Amino acid sequence: MALLKVKFDQKKRVKLAQGLWLMNWFSVLAGIIIFSLGLFLKIELRKRSDVMNNSESHFVPNSLIGMGVLSCVFNSLAGKICYDALDPAKYARWKPWLKPYLAICVLFNIVLFLVALCCFLLRGSLENTLGQGLKNGMKYYRDTDTPGRCFMKKTIDMLQIEFKCCGNNGFRDWFEIQWISNRYLDFSSKEVKDRIKSNVDGRYLVDGVPFSCCNPSSPRPCIQYQITNNSAHYSYDHQTEELNLWVRGCRAALLSYYSSLMNSMGVVTLLIWLFEVTITIGLRYLQTSLDHVSNPEEPESESEGWLLEKSVPETWKAFLESVKKLGKGNQVEAEGADAGQAPEAG
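The numbers attached to residues start from 1 for each chain and follow its sequence in the written order. Thresholds applied to this predicted model are a pLDDT of at least 70 for local features of residues and 80 or more for the giving and counting of side-chain atom pairs; totals over whole chains, interfaces and linings are not thresholded and use all residues. Only hydrogens and water are set aside when side-chain values are computed; all heavy atoms of the structure are taken into account.

Draft legend 1. Broad picture of the nonpolar core. Among buried residues, those of type Ala, Val, Leu, Ile, Met, Phe, Trp, Tyr and Cys that are joined through side-chain atoms within 4.5 Å constitute a nonpolar core. With a 1.4 Å probe rolled over the protein chains alone, any residue whose accessible area is under 20% of its type maximum counts as buried; one over 50% counts as exposed, and the rest are partly exposed. Among the nonpolar cores identified, the biggest contains 72 residues, and Leu41, Trp174, Val209, Leu254, Tyr258, Leu283 and Leu286 are the most heavily contacted of them. The helix count covers DSSP runs of H or I at least four residues long, the strand count covers runs of E at least two residues long, and both are numbered beginning at the N terminus. Counting only elements with at least two residues in this core, the list comes to helix H1 (10–47), helix H2 (59–84), helix H3 (88–121), helix H4 (123–139), helix H5 (152–163), helix H6 (190–198) and helix H7 (250–291). Looking at which element gives the most residues to this core, the answer is H7, with 14 residues. Start and end positions for the domains come from either an automated domain assignment or a database one. Mapped onto the domain boundaries, this core takes at least three residues apiece from domain 1 (1–135 + 250–309) and domain 2 (179–246). What leucine 286 contacts, discounting residues up to four positions off in sequence, is Arg13, Leu16, Ala17, Leu20, Cys82 and Ala85. Contact between two residues is taken to exist if any of their heavy atoms lie within 4.5 Å; hydrogens are not considered.

Following this line, the structure appears as structure tokens:
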């Protein structure tokens, strides 16, 4: 028994074809939107690729760009099919290709849904990428004279100013690395020598942070050196006083920014996916209603359209049987090839 059977007359078929034609051209615009969203996200990720550990984070924008291009191609073709469906002579050319085309559309909708889900689910991967990338970037902050790393100081400073953040997880991350270049240290100074000797790795570590960690909204002048030394500053207690530094880490700030972007893109992609599913269902009704006109010589005669020719369990069973037959056919061909080679070997 056919699933969701609907009766059509010529007027309904014409309206369905015209409506689908219009919807497909709206979907072409939706494909352009998906492409633009993917391109925008890729550009935003490229801007801060120096503080990202690998290229896994580009999976989502690359997928959106690819699906946007495919959406424009498939929906343009579907619009042409719907336009030609009103002319029996032109529709006859498309008829043998409609079933494979609908199967491709179903596959496209499945992939588009998975891409939309990836926009929501790749937060963990992005968090690890940012965490390790920021850690490496902070390590190279002082290498202003090293080719290939001389830009890292500017990158980190601009990042902390733009996103109002400090360090990887917080400002204390700067206490664990030497972020001041050796060229700006006076090695004849006793204080510098003592600090270097006190560290196992021979690094110059201070309880200070770069200037980009300072919060310009704070009424107090920025305390960026000797942050944990209460006696070095007047009326100051680093444990109780609200510091005039950015408290939030840059990993959390960037993760929040990119997550909000990807969540918004995921919502838009899901809405477009629903629109694409509606178009695919409409194409299926148009195809079945045109293929089953009771009297092909009379275009005005009634016809029936449906989603599935059989029920869902029967359709699934028939699909599994076709897959089994295909597997057996390949096995028989392989056995025939082995049998043909045996006499030659003898």
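Draft legend 2. Representation of the side chain of asparagine 168. For asparagine 168, the location among the structural elements is in the loop between H5 and H6. Once you skip the residues sitting within four places of it in the chain, asparagine 168 turns out to touch Gly131, Leu134, Lys135, Met138, Asp173, Gly249, Cys250 and Arg251.

Draft legend 3. Just a nonpolar patch on the surface, in detail. What makes a patch is a set of residues exposed beyond 30% relative accessible area and free of salt bridges, joined within 9 Å when like-charged and within 5 Å when nonpolar (Val, Leu, Ile, Met, Phe, Trp, Tyr). Here the open area of atoms and residues is found with the Shrake-Rupley method and a 1.4 Å probe, where only the protein chains shown may cover a residue. Think of a salt bridge as a Lys or Arg side-chain nitrogen and an Asp or Glu carboxyl oxygen that are within 4 Å of each other. Together, Trp21, Leu22, Trp25, Phe26, Leu29, Ile32 and Tyr83 line one region of the surface with nonpolar side chains, adding up to about 730 Å² of accessible area. If you trace the backbone, tryptophan 25 turns up in helix H1.

Draft legend 4. Seen up close, the packing of aromatic side chains. Pairing of aromatic rings covers Phe, Tyr and Trp, the last counted by its six-membered ring, and requires centre-to-centre distances within 6.5 Å; plane angles under 30 degrees mean stacked, over 60 mean edge-to-face, and any other angle means tilted. For the structure on display, the rule yields 10 aromatic pairs. Seen in terms of ring centroids, tyrosine 141 and tryptophan 174 are 5.1 Å apart; in terms of plane orientation they differ by 70 degrees. Their pairing is edge-to-face. Here tryptophan 174 lies in the loop between H5 and H6 and tyrosine 141 lies in the loop between H4 and H5, a separation of 33 residues in the sequence. Accessibility assignment for this pair places tyrosine 141 and tryptophan 174 in one class, buried. Measuring from ring centre to ring centre gives 6.3 Å for tryptophan 174 and tryptophan 179, while their planes differ by 75 degrees; the resulting arrangement is edge-to-face. Residue classification places tryptophan 174 among the buried residues on the basis of a relative accessible area of 0%.

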